[in-house]
Amino acid sequence: MIFHQNLKNKNLHHSIHKFRSLFFDIDFPQRTTQHISDPFKGSACKRINMFLRWMVRNDINGVDFGIWKKISPSYLSCPLDVHSGRVARKLGLLKRKQNDHKAVIELDKYLRKLDTMNPVKYYFELLVLSKNTRDLRKNLSNNLPKYIILRYLNLLLRQVLYKYKETDTNITLVNYLY
């Protein structure tokens, strides 16, 4: 298995790079190169990170299949896109403005502090927070005070943290929003 053989530095970035290299070793239409990204060319590799999440993680909801048992979820990177990136920045988890490989590394570093064994479990919550804040912005006036929006985000984040019964360290995130 390509991904299992190339584990380095507690992440799958080398594995993704190697997979892309092997995949394009054969004759292929040039247009297909855009569908498999390379982290070492600066890409956040959202699609492949999402695929790896599905194959490696196992959850009770059946979203993640968990059929690749030889790779630990601790090696996974959060699939970074516009939505998860926006919320991660608002929560102070990500400072970098671009959604690229460097941003993935920065977000990984923070999420691994929260949960070393399963850092990508927060991806869904970042998306939920993104959707709810978009709905909030659509339905309420632009003159809404910032502290009300932050309180709303705080309630959502508390629900997320309660769901996963996180430690006091993670409650610091909630307090940050006040």
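Residues numbered from 1 in each chain as written. Predicted model: local features only at pLDDT ≥ 70, side-chain atom pairs only at ≥ 80, totals over all residues. Heavy atoms only, no water.

Looking now at the overall build of the protein. Regarding its fold elements, the protein presents 8 helices and 0 strands. By residue count, 43% of the 178 residues in the protein fall in the buried class. Across the protein, contacts joining residues at least 24 apart in sequence account for 55% of those joining residues at least 6 apart. As presented, the protein carries roughly 10,800 Å² of accessible surface, and 56% of it is formed by carbon and sulfur atoms. (Helix = DSSP H or I, 4+ residues; strand = E, 2+ residues; numbered from the N terminus. Buried < 20%, exposed > 50% of the residue type's maximum accessible area, 1.4 Å probe, protein only. Contact = heavy atoms within 4.5 Å. Areas by Shrake-Rupley, 256 points an atom, 1.4 Å probe, with all protein chains shown as cover.)

Membership of the largest hydrophobic core comes to 34 residues, with the highest contact counts inside it found for F3, L52 and L107. Mapped by element, the contributors of at least two residues to this core are α2 (13-23), α3 (46-56), α4 (82-90), α5 (101-114) and α6 (123-139). Apart from the residues within four sequence positions on either side, L52 is in contact with F3, L12, I16, R57, W68 and L76. (Core = buried A, V, L, I, M, F, W, Y, C linked by side-chain atoms within 4.5 Å.)

Among the residues of α2, those classed as buried are H13, S15, I16, F19 and R20. The buried residues of α2 occupy an angular sector of 160° when projected down its axis, which confines them to one face. (Arc of directions from axis to C-beta.)

With that settled, consider the side chain of D38. Position of D38 among the secondary structure elements: in the loop between α2 and α3. Of the side chains with opposite charge, K41 comes closest to the buried, unpaired D38, at an N-O distance of 4.8 Å. In this structure the side chain of D38 is engaged in a polar contact, spanning 2.9 Å, whose partner is the backbone nitrogen of F40. Excluding residues within four positions of it along the chain, D38 makes contact with H17, R20, S43 and C45. (Lys, Arg positive; Asp, Glu negative; His and termini not counted. Salt bridge = Lys/Arg side-chain N within 4 Å of Asp/Glu carboxyl O. Polar contact = N/O pair within 3.5 Å; in protein donor to acceptor, adjacent residues only side chain to side chain.)

By the secondary structure assignment, L22 is in helix α2. We classify L22 as partly exposed; its relative accessible area is 35%. Residues L22 and I2, 20 residues apart in the sequence, show an inter-C-alpha distance of 8.9 Å.

Below, the discussion takes up the packing of aromatic side chains. All told, the structure shown has 3 aromatic pairs when counted by the stated rule. A centroid spacing of 5.7 Å and a plane angle of 40° characterise the contact between F19 and F23, whose relative ring orientation is tilted. Of the two residues, F19 and F23 both sit in helix α2, 4 residues apart, roughly one turn of that helix. Here F23 falls in the partly exposed class, since its relative accessible area comes to 39%. (Phe/Tyr/Trp six-rings, centres within 6.5 Å; stacked < 30°, edge-to-face > 60°.)

What follows is about the confidence of the model for the protein. For the protein, per-residue confidence averages 78 on the pLDDT scale, and 71% of positions sit at 70 or higher. Below a pLDDT of 50 lies the segment residues 139-144, which in the model reaches 1 contact outside its immediate sequence neighbourhood of four places, other chains included. In the model, residues 166-178 has pLDDT below 50 throughout and makes 30 contacts with residues more than four positions away in sequence or in other chains. (pLDDT = per-residue confidence, 0-100.)

So, on to the pattern of salt bridges. Per the counting criterion, the structure on display carries 6 salt bridges. We note a salt bridge from R53 to D64, for which the minimum N-O separation is 3.1 Å. Separated by 11 residues along the polypeptide, R53 in helix α3 and D64 in the loop between α3 and α4 bring together distant segments of the chain. Taken as a pair, R53 and D64 share a single burial class, namely buried. Between R112 and D108 there is a salt bridge, with its nearest N and O atoms 3.4 Å apart. Separated by 4 residues within a single helix, R112 and D108 lie in helix α5, roughly one turn from each other. With respect to burial, R112 and D108 carry one shared label: buried. Three or more residues joined by partner-sharing salt bridges are found here, namely R53, R57 and D64.

Turning next to a nonpolar patch on the surface. A grouping of F51, W54, V63, F65 and I67 is seen on the molecular surface, where their side chains present a nonpolar patch of about 470 Å² in accessible area. Along the polypeptide, W54 turns up in helix α3. (Patch = residues over 30% accessible without salt bridge, like charges linked within 9 Å, V, L, I, M, F, W, Y side chains within 5 Å.)

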